[in-house]
Amino acid sequence: TAVEEQRNRWESVKQEASLAQERATAAETAVQDLRRSLEEAEQSAAHAQKEQQKTQCRTEELAATVKELQQSLEEARQTSSVDRQAKASAESRAETLEAAL
């Protein structure tokens, strides 16, 4: 019976070792999966950052274009105002000359 008891203990120890090995393998697999997930997340973050930078640059370009267009519009308004004043002045002189004739 002492031999059987020793054999039972040995089987128990082997089972525990086997279970421990399975848990270690599962943990190792989980670590590898987590590493892959981390790498994918880092790549996604880097890609998102690049896209954000592109978007920021495009936004700045568009803001500069809007500013240029606003300046052009203001210049056109001023030119139009000057042209109207010149036209009115020319018409007034023409009327004055007609009246003098």
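Numbering of residues starts from 1 in each chain and follows the order in which that chain's sequence is written. Since the coordinates come from a predicted model, pLDDT governs what is reported: local features require at least 70, and pairs of side-chain atoms require 80 or more to be given and counted, while whole-chain, interface and lining totals use all residues. The side-chain quantities take in all heavy atoms of the structure and omit both hydrogens and water.

Here's the deal with the overall build of the protein chain
Here's step 1: A count of helical and extended segments in the protein chain gives one helix and zero strands.
Here's step 2: In this description the radius of gyration comes from C-alpha coordinates, and the expected globular size is given by 2.2 Å times residues to the power 0.38. Relative to its length of 101 residues, the protein chain is extended, with a C-alpha radius of gyration of 43 Å against a globular reference of 13 Å.
Here's step 3: Principal-axis analysis of the C-alpha atoms places the extent of the protein chain at approximately 145 × 15 × 10 Å.
Here's step 4: In the form shown here, the protein chain has an accessible surface area of approximately 9,300 Å², with 54% of it arising from carbon and sulfur atoms.
Here's step 5: Charge counting treats Lys and Arg as positive and Asp and Glu as negative, with His and both chain ends excluded. Note that the charge is assigned to NZ on lysines, CZ on arginines, CG on aspartates and CD on glutamates. A distance of 2 Å separates the average location of the 14 positive side-chain charges in the protein chain from that of its 20 negative side-chain charges. Only runs of H or I of at least four residues qualify as helices and only runs of E of at least two qualify as strands under DSSP, and these elements are numbered from the N terminus. Each accessible area value is a Shrake-Rupley result obtained with a 1.4 Å probe; residue values ignore everything except the protein chains displayed when judging cover.

Describing the environment of Arg9
Here's step 1: Assignment of secondary structure puts Arg9 in helix α1 (residues 2-100).
Here's step 2: Only protein chains enter the calculation, and the probe is 1.4 Å; a residue is then buried if its accessible area is under 20% of its type maximum, exposed if over 50%, and partly exposed in between. A relative accessible area of 48% means that Arg9 is categorised as partly exposed.
Here's step 3: Residues Arg9 and Ala20, spaced 11 residues apart in sequence, show a C-alpha to C-alpha distance of 16 Å.

Thoughts on the pattern of salt bridges
Here's step 1: For this analysis, a salt bridge means a side-chain nitrogen from Lys or Arg found within 4 Å of a carboxyl oxygen belonging to Asp or Glu. Throughout the structure, instances matching the rule amount to six salt bridges.
Here's step 2: Between Glu5 and Arg9 there is a salt bridge whose closest N-O contact spans 2.6 Å. Placement of both Glu5 and Arg9 in helix α1 is noted, with a separation of four residues, approximately one turn of the helix.
Here's step 3: Across the pair Glu11 and Lys14 runs a salt bridge whose closest N-O atoms are separated by 3.5 Å. Remark: Lys14 and Glu11 occur in helix α1; sequence separation between them is three residues, near one turn of the helix.
Here's step 4: For Glu11, a relative accessible area of 36% corresponds to the partly exposed category.

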